[in-house]
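Structural features, examined
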Amino acid sequence: MKRLILSISTLILIISSCFGIFYFERNKKLAILENAILSSEIVHFKYDYGSYFMGYFEYDISKSNEKTTLTAHGYNGVDLNINTEINPSALNDILEIVKEQNIAAWNDFSKSNDNILDGYSFSIYIEFKNGETINAHGYEKYPKNYDIAHKALSNYLEKLK
């Protein structure tokens, strides 16, 4: 009986240690990304979201040299077709939303619910001047704070049209 208790205790200790190391590394990586974001600027922003029934939106904003370009398309009933130069301050505004809504914490999020057909999906990619990136996507699964951050992003992007 003592051997069984010792074995179970050892197993619990090993599992706890592995979880602790994973948790520490994840938080360390997030802290590095958040610090990089504070000292950099966005050079490429891409955000897609929607569904077959409610419409699908694709926004792409990129900065090259002194030119900042917005490309936006809509699908499944969404009338959206834009390809224009915009004020570079738009990327600064988006950076503020990223900071305020802690979107850096979404990095590496990749989950889906394969049991739902014709559901809602999102994909976000943000590239910073210093080379750091935020990349996340989901299908009927969302990172923490998604609803509030999505509303902030989509409301802002709607105003750029």
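Described in the following lines is the structure provided in the data block.

Reading guide: rules and limits
- Residues numbered from 1 in each chain as written.
- Predicted model: local features only at pLDDT ≥ 70, side-chain atom pairs only at ≥ 80, totals over all residues.
- Heavy atoms only, no water.
- Helix = DSSP H or I, 4+ residues; strand = E, 2+ residues; numbered from the N terminus.
- Expected span 1.5 Å × (residues − 1).
- Buried < 20%, exposed > 50% of the residue type's maximum accessible area, 1.4 Å probe, protein only.
- Arc of directions from axis to C-beta.
- Contact = heavy atoms within 4.5 Å.
- Patch = residues over 30% accessible without salt bridge, like charges linked within 9 Å, V, L, I, M, F, W, Y side chains within 5 Å.
- Areas by Shrake-Rupley, 256 points an atom, 1.4 Å probe, with all protein chains shown as cover.
- Salt bridge = Lys/Arg side-chain N within 4 Å of Asp/Glu carboxyl O.

Our next topic: helix 2 (residues 89–100). Along its 12 residues, helix 2 runs 17 Å from first to last C-alpha, staying within 8% of the 16 Å computed at 1.5 Å per residue. Of the residues making up helix 2, those classed as buried are Ala 90, Leu 91, Ile 94, Leu 95, Ile 97 and Val 98. The arc enclosing the buried residues of helix 2, seen along the axis, measures out at 160 degrees, which places them on a common side. Directly beyond the C-terminal end of helix 2, a positive phi value near 55 degrees is found at Asn 102.

Before going further, it helps to spend a moment on the environment of Lys 67. Mapped onto the fold, Lys 67 is located in strand 3 (residues 67–75). Taking relative accessible area as the criterion, Lys 67 reaches 43% and is therefore assigned partly exposed. C-alpha of Lys 67 to C-alpha of Pro 88: the two residues are 21 residues apart in sequence and 7.4 Å apart in space. Ignoring anything within four residues of it in the chain, the contact list for Lys 67 reads Ser 62 and Glu 85.

This part is about a nonpolar patch on the surface. A cluster of nonpolar side chains, namely Tyr 52, Phe 53 and Met 54, defines an oily patch on the protein surface of about 440 Å² accessible area. Along the chain, Phe 53 turns up in the loop between strand 1 (42–51) and strand 2 (55–64).

Positive phi, close to 55 degrees, is recorded for Asn 65, a residue that is not glycine. Note on placement: Asn 65 falls in the loop between strand 2 and strand 3. If you check the backbone angles, Asp 118 has positive phi at about 55 degrees while not being a glycine. Looking at the secondary structure, you find Asp 118 in the loop between strand 5 (110–112) and strand 6 (121–128). On the basis of relative accessibility, which here comes to 47%, the residue Asp 118 falls in the partly exposed class.

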